[in-house]
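Read off the chains here:
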Amino acid sequence: MVPKHIAIIMDGNGRWAKKRFMPRFAGHKAGVEALRCIVRYCANKGIDVLTVFAFSSENWRRPEEEVSLLMDLLLTSLQREVRKLHDNNVKLRFIGDYHEFSTKLSEKIKQAEQLTRDNTGLVLVMAINYGGRWDITQATRRIARQIESGELNSTQIDETQIHSNMALHDLPEPDLFIRTGGEQRVSNFLLWQLAYTELYFTETLWPNFKEQAFEIALDSFAKRQRRFGHTGEQVERLRGA
């Protein structure tokens, strides 16, 4: 059983660098290499969607120099990687609040989405300046505007209505959530979308999370029984039907 949608918090870049007596930024650069490897692996495995937490809304609290370097790395990575992704039929999506980004970076994001929008292979979603609470807040505001304009009334608000206003509303919800680096929390990532997702935590630092580590995560997922409220016996009967 291979998950259709995998969501990853790529944690541990700074600690990877510290162990090697290198600056934290070296860890972030190594993290880009790891992401390139995992994207290629997902495409070869036939996984439909990979969503990665590239920069959270809370990451602005980091030292100013590190944030500036991260923004530069994101811009540079887009300049270097988008054409390769396009040539490999990868579709790029971005979710998050872009208002705090430079004009140059915002334009590069738009260009990347435009170039790859008709690709039919792996969908790579980059969550940047994103937070799950922000996502839910934006959905709430959209629904409020629909009520104000008369398109909607309060009795029509249900889970389906809320979901349709969330980021990633047009994609399957994540089957598997992976967090590297040893922390065991979701850290405001895809709070709405992770309701029934299988969670996998590993001590492996993100720059070391390559094919073998990914295989272990997929093996763990394959052994789980996803019940969605049913009993185990019901799930087994449905599988056998």
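Further up the page is the structure itself.
Residues numbered from 1 in each chain as written. Predicted model: local features only at pLDDT ≥ 70, side-chain atom pairs only at ≥ 80, totals over all residues. Heavy atoms only, no water.

(A) Molecular detail of the pattern of salt bridges. On inspection of all chains with the given rule, the structure shows 12 salt bridges. Residue Arg 15 is joined to Asp 11 by a salt bridge in which the shortest nitrogen-to-oxygen separation is 3.5 Å. Classification of Arg 15 as partly exposed rests on a relative accessible area of 35%. The partner of Glu 107 in a salt bridge is Lys 110, with the nearest N and O atoms 3.8 Å apart. Of this pair, Glu 107 and Lys 110 both sit in helix 4 (residues 103–116), 3 residues apart, which is roughly one turn of that helix. The partly exposed category is assigned to Glu 107, whose relative accessible area is 36%. (Salt bridge = Lys/Arg side-chain N within 4 Å of Asp/Glu carboxyl O. Buried < 20%, exposed > 50% of the residue type's maximum accessible area, 1.4 Å probe, protein only. Helix = DSSP H or I, 4+ residues; strand = E, 2+ residues; numbered from the N terminus.)

(B) Seen up close, the nonpolar core. Residues Ile 6, Ile 8, Leu 50, Leu 124, Ile 178 and Phe 214 are the most contacted members of the largest nonpolar core, which totals 42 residues. The dominant element in this core, judged by the number of residues it contributes, is helix 3 (residues 64–87), at 8 residues. Leave out the neighbours within four places in its chain, and Leu 50 touches His 5, Ile 6, Ile 8, Ile 38, Val 39, Cys 42, Leu 122, Val 123, Leu 124 and Val 125. Phe 53, Ala 167, Leu 171 and Leu 190 belong to the second largest nonpolar core, which has 16 residues in total. (Core = buried A, V, L, I, M, F, W, Y, C linked by side-chain atoms within 4.5 Å. Contact = heavy atoms within 4.5 Å.)

(C) Structural detail: helix 7 (residues 211–222). The end-to-end C-alpha distance of helix 7, which contains 12 residues, comes to 16 Å, matching closely the 16 Å that a straight helix rising 1.5 Å per residue would cover. Of the surrounding elements, those touching the buried residues of helix 7 are strand 1 (5–9), helix 2 (24–45), strand 5 (176–179) and strand 6 (198–201). (Expected span 1.5 Å × (residues − 1).)

(D) Layout of helix 3. Taking 1.5 Å per residue as the helical rise, helix 3 with its 24 residues ought to reach 34 Å, and the 35 Å between its terminal C-alpha atoms agrees with that figure. Roughly 40 degrees is the biggest bend found in helix 3, and it falls at Glu 81. Turning to helix 3, its buried residues number three or more, namely Glu 66, Val 67, Leu 70, Met 71, Leu 73, Leu 74, Leu 75, Ser 77, Leu 78, Glu 81, Val 82 and Leu 85. For helix 3, the elements touching its buried residues are helix 2, strand 2 (49–56), strand 3 (91–95), helix 4 and strand 4 (123–130). Asn 89 lies just past helix 3 and shows a positive phi near 65 degrees. (Bend = angle between axes of the 7 residues up to and from the residue.)

(E) Spatial organisation of the sheet that holds strand 4. Here we have 6 strands laid out as an open sheet, ordered 3-4-2-1-5-6, and parallel in their pairing. Strands with a single pairing partner mark the edges of an open sheet, and in this sheet they are strand 3 and strand 6. Sheet twist, expressed as the mean angle between neighbouring strand axes with direction ignored, is 20 degrees. Against the sheet, helix 2 makes contact with strand 1, strand 2 and strand 4, and its axis sits at roughly 160 degrees relative to strand 2, the strand it touches most. Across the sheet, helix 4 touches strand 3 and strand 4, and the angle it forms with strand 3 is around 145 degrees. (Pairing = 2+ DSSP bridges. Axes fitted to C-alpha atoms, helices over the stretch in contact; angles between N-to-C directions.)

Treat this as a map of the structure, not an account of what it does.
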